[in-house]
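One letter stands for each residue in the lines below.
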Amino acid sequence: MSYATWLYPTSISQAFLPLFSRSLTLRATFSSFRPLSHHARVFLPAKPPNSQFVGVLAMAKRSASFEREDFASPADMYFEPPLKIVEYPDPRLRAKNKPINTFDDNLKKLIDEMFNVMYKTDGIGISAPQVGINIHLMVFNPTGERGEGEELVFINPRVIKYSKNMTLFSEGCLSFPGIYADVERPLSIKIDARDITGSKFTVNLSGLPSRVFQHEFDHLQGVLFFERMTEEVLERISAELEALEKKYEDGTGLPSPEKIGARKRRKVAVGFGRS
Ligand SMILES: [Zn+2]
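Residues numbered from 1 in each chain as written. Predicted model: local features only at pLDDT ≥ 70, side-chain atom pairs only at ≥ 80, totals over all residues.

The name an unreviewed UniProt entry assigns to the protein chain is Peptide deformylase, from the organism Nepenthes gracilis. The annotation that UniProt attaches to the protein chain under Subcellular location (unreviewed entry) is "Plastid, Chloroplast". Per its UniProt entry, the protein chain bears the Cofactor (unreviewed entry) comment "Fe(2+)". (UniProt positions renumbered as here; feature names shortened; annotations may be inferred.)

Participant: I'm lost on the overall build of the protein chain in this one. Help?
Facilitator: Counting secondary structure elements, the protein chain contains 5 helices and 10 strands. Across the 275 residues in the protein chain, those meeting the buried criterion constitute 38%. Partitioning the contacts of the protein chain with sequence separation of at least 6, the portion at a separation of at least 24 is 72%. (Helix = DSSP H or I, 4+ residues; strand = E, 2+ residues; numbered from the N terminus. Buried ≥ 20, exposed ≤ 12 C-beta atoms within 10 Å, placed from the backbone. Contact = placed C-beta atoms within 7 Å.)

Participant: Honestly, the environment of Leu205 in this entry has me stumped. Any pointers?
Facilitator: Relative to the helices and strands, Leu205 resides in strand β10 (residues 200–206). Classification of Leu205 as buried rests on a count of 21 C-beta atoms within 10 Å. Taking the C-alpha atoms as reference points, Leu205 and Lys190, separated by 15 residues in sequence, lie 6.2 Å from one another.

Participant: Looking at this structure, how should I read the pairing of strand β9 (residues 188–194)?
Facilitator: On any regular strand, side chains alternate: one points to one face of the sheet, the next to the other face. Extensive coverage of β9 is indicated by the burial of 6 of its 7 residues. Summarising the sheet, strand β6 (residues 152–163) and β9 pair through 5 bridges and their orientation is antiparallel. Note on β9: the bridge partner recorded for Val159 is Ile191. When β9 meets β10, the two strands line up antiparallel, connected through 7 bridges. Bridging across to β10, Asp192 finds its partner in Thr202. The antiparallel pairing of β9 with β10 creates a hairpin that spans 5 residues between the two strands, and Gly198 there sits at a positive phi of about 95°. (Pairing = 2+ DSSP bridges.)

Participant: Explanation requested: the nonpolar core in the structure shown.
Facilitator: Nonpolar side chains in soluble globular proteins generally cluster together in the buried interior. In this structure, Ile111, Met114, Ile126, Ile135, Met138, Val139 and Ile191 are the most contacted members of the largest nonpolar core, which totals 52 residues. Among the elements of the structure, α3 (105–120), β5 (137–140), β6, β8 (180–186), β9, β10, α4 (207–220) and α5 (231–252) are those that each provide at least two residues to this core. Not counting the four nearest positions on each side in its chain, Met138 is found in contact with Gly125, Ile126, Ser127, Phe154, Pro157, Glu216 and Leu220. (Core = buried A, V, L, I, M, F, W, Y, C linked by C-beta atoms within 7 Å.)

Participant: Got a minute to help me understand α4 in this structure?
Facilitator: Each full turn of the α-helix corresponds to 3.6 residues, which orients residues three or four apart in the same direction. Between its first and last C-alpha atoms α4 spans 21 Å; for 14 residues at 1.5 Å apiece the expected length is 20 Å, and the two agree. After α4 finishes, the residue Gly222 shows a positive phi value of roughly 75°. (Expected span 1.5 Å × (residues − 1).)

Participant: For this particular structure, what's the right way to read the environment of Asp105?
Facilitator: Following the sequence through the fold, Asp105 ends up in helix α3. Residue classification places Asp105 among the exposed positions, given that 7 C-beta atoms sit within 10 Å. Note: C-alpha distance between Asp105 and Ile196 (91 residues apart in sequence) is 9.8 Å.

Participant: What is the right way to look at α3 in this model?
Facilitator: Here α3 is 16 residues long and its end C-alpha atoms lie 22 Å apart, about the 22 Å a rise of 1.5 Å per residue gives. All of the buried residues along α3 are Leu107, Leu110, Ile111, Met114, Phe115 and Met118. The buried residues of α3 occupy an angular sector of 140° when the element is viewed end-on, so they sit on one face. Opposite the buried face of α3, at more than 90 degrees from it, the exposed residues are Asp105 and Lys120. As for α3, its buried residues are in contact with β4 (125–127), β5 and β6. A positive backbone phi angle near 60° is found at Asp122, which sits one or two residues after α3. (Arc of directions from axis to C-beta.)

Structure follows, in structure tokens:
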């Protein structure tokens, strides 16, 4: 996710701005984390959710499917630094991402490199498919500054509950440079994931961390943020999306694998908790 997003809140979302205050949000939300290393966190028992949550019907199915799925192989996790950001409409943003069951030095190096490219490109969050690695991994630091705030790592994350309360906010994405637009999402979520050592943890997220997590979680499902925009908002940015499609075609000599002008909206709008 792109850092500049948070500098340009929309008029509607300005009402929520105090919730995104850096220090307040981080202190309130991540006080239950403590550092294990500079990029790993151990979760201490979660507080009960402080807002009403809605169950996600898809979760049972999703849990079961994880067990049946192929885990990422060493070849799937192979990379060479420095990592480069994959931009829309590169098909790696739509490829299936595999869960991780190997928690080794290669994974730690990949996480380090993901933070490196995230800071370098002024991001506040990034998912593995955005650097061309199709695995269930995301990292973020809502401050966007190395050495400040918390560096968070989520491996094989799952959303357990979403709040009924929705919020609108202007998002950006490192895979869509220069494009910012309103996206509506649940205000709070409860998630579980594995940390860098493979230990499972559960946490409630709200405010900016909830927003960043949900954006990156979509990437792990092959969902891109423009699919969650209203038709009106999408229309406003369609020329910029087409410019990225042309850039891809000019750079690769290949036809764009998807075209905003021709597509029908994918049915992600049926709700959150898509598995
Ligand atoms: Zn993104």
